[in-house]
Amino acid sequence: MAEILTGAQILCRELVAAGINTIFGYPGGAIMPFYHALPEFSGLRHILVRHEQAAAHAADGYARATGRVGVCVATSGPGATNLVTGLATAHMDSSPVLAITGQVSRPMIGRDAFQETDVIGLTLPITKYSRLVQDITQLAASVREAIAIATEGRPGPVVLDVPKDVQNQKLAYEPGGDAPRLAARGQSGNGGAPTSASLEESVREAARLIGEASRPLFMIGHGVILSNAYDEVRALAEKTGIPVITTLLGISAFPESHPLHLGMPGMHGEVHVNRAIQHADLIVGIGLRFDDRVTGNTAAFAPRAKIIHVELDRAEIGKNVKTAVGIVGDARTVAGLLADEVAARRCDDWLAEIRGFVRPRAEAFSGDLSPEAILASIYEATRGGCTIVTDVGQHQMWVAKYYPYQRANTHITSGGLGTMGFAVPAAMGVHLARPGEPVWAISGDGGFQMNMAELATMVQEGLSVKMAIFNNGYLGMVRQWQQFFHEKRYSCTPIWSPDYVKLADAYGIAGWRVERRTELDDVVRAATAHQGPALVEFVIAEEANVFPMIPPGGSLSEPIEAAPAGARAV
Ligand SMILES: Cc1ncc(C[n+]2csc(CCOP(=O)(O)OP(=O)(O)O)c2C)c(N)n1
Ligand SMILES: [Mg+2]
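Computed from a predicted model, the values in this text were never measured in an experiment. (Residues numbered from 1 in each chain as written. Chains lettered and ligands numbered in written order. Predicted model: local features only at pLDDT ≥ 70, side-chain atom pairs only at ≥ 80, totals over all residues. Heavy atoms only, no water.)

## A closer look at the packing of helix 15 (residues 371–382) against helix 22 (residues 517–529)
Here helix 15 crosses helix 22 at 40°, and the two axes come no closer than 9 Å. Classified by the angle between their axes, helix 15 and helix 22 sit oblique to one another. The crossing of helix 15 and helix 22 is right-handed. Each of Ala373, Ile374, Ser377, Ile378, Ala381 and Thr382 in helix 15 lies in contact with helix 22, whose residues at this interface are Arg517, Leu520, Asp521, Val524, Arg525 and Thr528. (Axes fitted to C-alpha atoms, helices over the stretch in contact; angles between N-to-C directions. Helix = DSSP H or I, 4+ residues; strand = E, 2+ residues; numbered from the N terminus. Parallel < 35°, antiparallel > 145°, perpendicular 65-115°, else oblique. Left-handed = near helix turned anticlockwise from the far one by under 90°. Contact = heavy atoms within 4.5 Å.)

Set out below in C-alpha cells:
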C-alpha cells in the first residue's frame, strides 16, 4: 500500500532497502530535510565527521573493505565541494561510493543562491554518474540506479544531488519498485586493441601464449581484489609456475610469502621485479591499468614482452601499453577460464634467473627505529590479522614494500590520486566494516595533520582505530625528490608537528611516542590491545629515503639505488 512520504524519507527508505546501515556525513541548510528524517531510521547509523572530505574517504574505506557501496552525505555549496577530493580518490581507485548532496531549492537553481554550487558540473569528470534529481517521482528509482551504477561492472563513485524542496515534497511511495533499467552508458572504445574476438577465442590465444613463453609474468592489480579472484589467480599461478607481481593496489591479492610472489613493480618497485619485467617475454596483466607509476616510460617498458591484458573496463585495454591480446572480462571469471585452458608447466629456470636479479637492500637507516622494524612489530602484535590503511608518501611505500600481507584485501591505500589525508578517515570506514579486527591507519606527519580533526569523530562515535604517525619532520617524499632532483633545496618541506601525545590526551585518547627500538614492541602491543582509538608517534630518521627509485619519466631499467653524490644518504 502506498504511503505518503517526503523526499527525504524516501531517500532513507531506499538506503535501508539497499542494505545500507552506515552513512558518513555533515549537515547543513540544503540537506536539513534529510537530517530531519534520519532519526526515524534506526537502521541507518550516521557518523558525524569533522570535515566532509573525511566522510567521502570513510565511505570509500568502508566500500573497499566490504565490496559494498559506501555512503556519504553533505549539504550544498561548501559541503559538496569538500567531498570532491574524496570522490576523485574513489574514482581513480574504482571504489563504489554514493554521495548524496543537498542542493538549493529548484526555483533558486542558477541564481547564485546562498550555498549554491553546480555539483553535477564539479563531479561529472570524477564520478561514474552524477544526477540532479528534480522530480520526486524519480527519486526512489534514482537511488536504486545510482547504487547499481556504483557497484556493477568496474565500480566507482556516484552523486545524487537533491534540491531541498524535492526533499520536502510529498509523494505516495510504493516500496520495492522495479529495479530501474539502466540508461545505456557508452563504453569509450577499446583503444584499438584486439578485443573483438570472442571470450573463448581470446582465452585460448592467451593460453597458447602462456604455454609458449619462456619468461612469463603475471602482474595483478586491484581488479583481482574487487572481483574476489584470489583463488582463481592463485590456481592459475600454481598450475603454470609463473611468478606474480602485485601492483600497489594489488597488494594483498596474493600472499606475500608464496614462493611465486615477487613484489611490487614500478617507481619504487624492487630492482628484481623491474628487471624481471624488462626481461620478460610475456606479461599477463589482470585487473590493472598499467599506470605510469607502474610502467615508467612506456616506450621503454617491457621491451621484449607481449602483453595479455585482462580487464573489466574495455577502455583500459590498449590505453597505456600495446596489447597483444585484450580480454574484456571480470578477473575472477577470466582467471578461472585461463586456469582451465592452460597446460600445466613450470618456470624454474626463469625463477632462478629472477632470483639472480635480487639486490641486497639499498636502504640503510640511521637510528635503530627503522620503518621495517615498526611494520614488523605491528604485524607481530596483530599476528597479521589486521587491515592496514596507508596515507601517501614515503611511509606508504615502506608499508607497500615491507609489510608481509598474507590475507586478502587487508591493504587499503589511495593509489591513483595519491591523496594525503586519506588514511585516518578511510580507516574509520574500515573499522566500521570490520569491527571485530584491528585496523591501523599509517600516516606521515604531513598527511596526518591534514585530517587529524577526525580524532574527535572517533571519540564521539567510539571508533577504535589505531593510528601510526611516521614522523620524519618532513613532507618526506617531496623532500626526497628535492634531494635527488632539485640539488637538495628543501623548499617548504620541513614540517612542524604538535606534541602528538598531548594531542591524543586533549582528545582523551591513548597516545604514545616511540623513539627507540627497545620501546617499540611493548607500545605497539599496548596500542593494539587498547579498547578505543589509540595513537602512536614513531620518530624516524629525518632524511630516510625510499630505494630503489625510478626517476620520473625514466625506464624501469635505470633505478636509482643511492642518494646522489653531495647529498647525505642516511
Ligand atoms: C593532498 C595532497 N597534497 C600534496 C601531495 C603531494 N605529496 C605527495 S607525498 C607528500 C609528502 C607527504 O609527507 P608526509 O605525510 O609527512 O609523509 P612522508 O613522505 O614523510 O612519509 C606530498 C606533499 C599529495 N599527494 N596530496
Ligand atoms: Mg613526513
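## Digging into the sheet that holds strand 5 (residues 97–103)
The strands that make up a sheet are held in pairs by hydrogen bonds between backbone atoms, and each pair lies either parallel or antiparallel. Pairing in this open sheet of six strands is parallel, and the strands run 3-2-4-5-7-6 from one edge to the other. One side of each edge strand has no neighbouring strand; the edge strands of this open sheet are strand 3 (45–48) and strand 6 (129–132). Adjacent strand axes in the sheet meet at a mean angle of 20°, parallel and antiparallel pairs treated alike. Judged from the four bridges that link them, strand 2 (residues 22–25) and strand 3 form a sheet pairing that is parallel. Looking at the pairing, Ile23 lines up with His46 of strand 3. Against the sheet, helix 3 (residues 52–66) engages strand 2, strand 4 (70–74) and strand 5, with an angle of about 170° to strand 4. (Pairing = 2+ DSSP bridges.)

## Re the sheet that holds strand 12 (residues 282–286)
Strand order across the open sheet formed by six strands is 11-10-9-12-13-14, with parallel pairing between neighbours. In this open sheet, the two strands that pair with only one neighbour each are strand 11 (261–263) and strand 14 (325–328). Averaged over all neighbouring strand pairs, the angle between strand axes comes to 20°, with direction disregarded. As paired strands, strand 12 and strand 13 (residues 306–311) are joined by five bridges and run parallel to one another. Paired with Ile283 across the strands is Ile307, a residue of strand 13.

These figures come from the coordinates and say nothing about function on their own.
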